[in-house]
Amino acid sequence: MSATTPDYIEELKQTGDFLTLSRNNEWHLAAGEFTLNNGTVVTIHDTGVIEFQPATVSSKDVVYSSAVHGNETAPIEICDELIKQIIAGELLLKQRALFIFGNPQSINIGLRFVEENLNRLFNGHHSVDGVPMNNERTRAAKLEQYVSDFFSRGEQGSSRCHYDLHTAIRGSKNEKFAVYPYLHGKPWKKSQLQFLLSCGVNTVLMMKSPATTFSYYSSFVHDADSFTVELGQVKPFGENDMSRFAKTKQTLTALISQDMVEYPEFNADEFELFTVHRTINRTQNEFSFPFSDQAENFTGFAKGELLATDGDTPYYADVQGEAIIFPNANVAIGQRALLTVVPMAIDSNFI
Ligand SMILES: O=C(O)CCC(=O)N[C@@H](CCC(=O)O)C(=O)O
Ligand SMILES: [Zn+2]
């Protein structure tokens, strides 16, 4: 970090408005640091990347990211409010916390991404021989570095978690849901399901293979409890019914401001779990779905019904009730256009 104090620090202390500061500095912001009256050290690593180190010893290293897709505004509003409360001294932290607004320029243009989907570039996919770098590729590489650095400076033995907050493009039969990245055979944690339930998220999809997402990166590389969390449907700023996310905000707040959070006893009946049945990638220019843009995530199809057509290849539901998640015919060629899921039970793979 430079020895000089960046110009923006005084105003940030007054307003706490790190979101606007990040939006005004789309791809780069000089690093800076200051200390709150309660002893919390605030470190700005870059645009959209702000760390809070409480004065007391913490037992958790917590990452909250939003705006990995710039038009997914509800999570941005939640994180913006939390950051403002922390800087104002209204919320006293007990745990180290790193907040990330992933793609400030894409927030400004109100789109999912600028040139390339940031959430397809993690876990090293930002730097591929022969593929030119662009702002999103550079940003993915930097975000990995900030997360790495944050976790590496945590207390010995402290637990690591990362909640990457999104909203879905379509409506969803289950309004809020989480994606549990592939754990390479390690058990899923009931305590994490309890945390998600407390956020108002009772639906979880278990991935079966590695991914290029931010949550998979933190899970795989840093052994963090890490999730993509989908909070309702994409809406412009000001159009979100934030009362629908009150439990989420309360739970995210408690995690960083309490020494230890107790959740109610685990009850399998409270959850709807799904396992990914398959991923359908778009490989051809001609790619279509037989259902409308109004068809919601978790809509089930009868065995034998058409799910998608990729060029000349039709895909039919091959199990009764195969349900669609994230259908998007406009993805870049080679990328995931649809996930399908089937229900699963809680078994001995959960601890
Ligand atoms: O609604 C959609 O089509 C996409 C919403 C979204 O951005 N979802 C994430 C999920 C990441 C994961 O699979 O963990 C994404 O597509 O990047
Ligand atoms: Zn998203």
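Residues numbered from 1 in each chain as written. Chains lettered and ligands numbered in written order. Predicted model: local features only at pLDDT ≥ 70, side-chain atom pairs only at ≥ 80, totals over all residues. Heavy atoms only, no water.

### Describing the overall build of the protein chain
Definition in use: Counting from the N terminus, the helices are DSSP H or I runs at least four residues long and the strands are E runs at least two residues long. Each radius of gyration reported is based on C-alpha atoms, and the globular scaling rule is 2.2 Å times the count of residues to the power 0.38. Note on exposure labels: buried denotes an accessible area under 20% of the residue type's maximum, exposed denotes more than 50%, and partly exposed covers the range between, all computed with a 1.4 Å probe on protein chains only. The contact criterion used is simple: two residues touch if any of their non-hydrogen atoms lie within 4.5 Å.
Along its length, the protein chain carries eight helices and 16 strands. Relative to its length of 351 residues, the protein chain is compact, with a C-alpha radius of gyration of 20 Å against a globular reference of 20 Å. For the protein chain, the C-alpha atoms occupy an extent of roughly 65 × 50 × 40 Å along the three principal directions. A total of 351 residues make up the protein chain; the buried ones form 53% of that total. Pairs at least 24 apart in sequence give 73% of the contacts found in the protein chain among residues at least 6 apart.

### Things to note about the UniProt feature "domain: AstE/AspA barrel-sandwich hybrid" (unreviewed entry) in the protein chain
Applicable threshold: UniProt positions are given in the numbering used here, feature names are shortened, and annotations may be inferred rather than shown by experiment.
As annotated in UniProt, the feature "domain: AstE/AspA barrel-sandwich hybrid" (unreviewed entry) corresponds to residues 270-343 in the numbering used here. Each end of residues 270-343 is marked by a C-alpha atom, and these two atoms are 14 Å apart; helix forms 0% of the span and strand 47%.

### So, the sheet that holds strand 13 (residues 306-310)
Which entries qualify depends on this criterion: The pairing criterion for strands is at least two bridges between them, as found by DSSP.
Taking strand neighbours across the sheet as the criterion, the three strands line up as 11-13-14 in an open arrangement whose pairing is antiparallel. The open sheet terminates on both sides in strands that have one partner only, identified here as strand 11 (287-288) and strand 14 (313-316).

### Some words on the site of ligand 1
Our working rule: Near, as used in this document, describes a residue that has one of its heavy atoms within 4 Å of the molecule or strand being considered. Working definition of accessibility: Shrake-Rupley area with a 1.4 Å probe, residue cover restricted to the visible protein chains. Each residue is assigned to one of three groups, with Ala, Val, Leu, Ile, Met, Phe, Trp, Tyr, Cys and Pro labelled nonpolar, Asp, Glu, Lys and Arg labelled charged, and all others, Gly among them, labelled polar.
Not every one of the 16 residues close to ligand 1 is listed here, only the nearest: Asn119, Arg120, Ile169, Thr228 and Glu230. When isolated, ligand 1 has an accessible area of 430 Å², and the protein chains bury 97% of it. Of all elements in the fold, only strand 6 (159-168) and strand 9 (225-233) reach the threshold of two or more residues within the shell around ligand 1. The biggest single contributor to the shell around ligand 1 is strand 6, with three residues. Residue composition of the shell around ligand 1, by class: four nonpolar, seven polar and five charged.

### A word on the confidence of the model for the protein chain
Here is the rule: Each residue gets a pLDDT score, which is the predictor's confidence in that residue and runs from 0 to 100.
Across the protein chain, pLDDT averages 97, with 99% of residues at or above 70. Across the interfaces of the predicted complex, the ipTM metric reaches 0.98, alongside a pTM of 0.97.

### Observations regarding the environment of Val131
If you trace the backbone, Val131 turns up in the loop between helix 4 (104-109) and helix 5 (135-152). Considering only alpha carbons, one finds Val131 and Gln284, 153 residues apart in sequence, at a separation of 20 Å.

### Considering the pairing of strand 5 (residues 96-101)
Short version of the rule: When the strands point away from the viewer and the connection leading from the first strand across the helix to the second strand turns clockwise, the crossover is called right-handed.
Across the six residues of strand 5, six count as buried, placing the element largely inside the fold. Alternating residues of strand 5 divide into Arg96, Leu98 and Ile100 and Ala97, Phe99 and Phe101, and every residue in both groups is buried. Two strands pair when backbone bridges link them, and strand 3 (residues 49-53) and strand 5 are joined in this way by four bridges, in the antiparallel orientation. Looking at the pairing, Ile50 lines up with Phe99 of strand 5. When strand 4 (residues 60-66) meets strand 5, the two strands line up parallel, connected through six bridges. Counted as the bridge partner of Tyr64 is Phe99 from strand 5. With respect to chirality, the unit in which strand 4 leads through helix 3 (residues 73-87) into the neighbouring parallel strand 5 is right-handed.

### What to know about unusual backbone geometry
When glycine is set aside, most residues are seen to have a negative phi, and most peptide bonds are trans. Here Asp223, not a glycine, exhibits a phi torsion of approximately 55 degrees, which is positive. You can see Asp223 is positioned in the loop between helix 7 (214-222) and strand 9. When its relative accessible area of 53% is taken as the criterion, Asp223 is described as exposed. Of note, the phi angle at Phe298 is positive, near 80 degrees, even though the residue is not glycine. Judged by its relative accessible area of 7%, Phe298 falls in the buried class.

### Section: the nonpolar core
Defined as follows: We define the nonpolar core as a collection of buried residues of types Ala, Val, Leu, Ile, Met, Phe, Trp, Tyr and Cys that are connected through side-chain atoms lying within 4.5 Å of one another.
Membership of the largest hydrophobic core comes to 55 residues, with the highest contact counts inside it found for Phe18, Ile44, Ile50, Phe52, Tyr64, Phe99 and Tyr163. Among the elements that line this core, the one with the most residues is helix 3, at eight residues. Sequence-distant contacts of Phe18, defined by excluding residues within four places in its chain, comprise Leu12, Leu29, Ile44, Asp46, Thr47, Gly48, Val49, Ile50, Ile83 and Phe101. In this structure, Val63, Leu98, Leu121 and Phe214 belong to the second largest nonpolar core, which totals 17 residues.

### A word on the UniProt feature "domain: Succinylglutamate desuccinylase/Aspartoacylase catalytic" (unreviewed entry) in the protein chain
When the UniProt feature table is mapped to this numbering, "domain: Succinylglutamate desuccinylase/Aspartoacylase catalytic" (unreviewed entry) covers residues 60-256. Annotated as residues 60-256, this span is 35% helix and 21% strand, and its ends, taken at the C-alpha atoms, are 8 Å apart.

### Examining helix 5
For clarity, the threshold we go by: Helix span is expected to be 1.5 Å times the residue number reduced by one. The term polar contact refers here to a pair of N or O atoms within 3.5 Å; inside protein, the definition further demands a hydrogen-donor-capable atom paired with an acceptor-capable atom, and it admits residues adjacent in sequence only when both atoms are side-chain atoms.
Between its first and last C-alpha atoms helix 5 spans 26 Å; for 18 residues at 1.5 Å apiece the expected length is 26 Å, and the two agree. Within the sequence span of helix 5, burial applies to Glu136, Arg137, Arg139, Ala140, Leu143, Glu144, Tyr146, Val147, Phe150 and Phe151. At the N-terminal boundary of helix 5, the capping side chain belongs to Asn134, with an oxygen 3.1 Å from the backbone nitrogen of Glu136.

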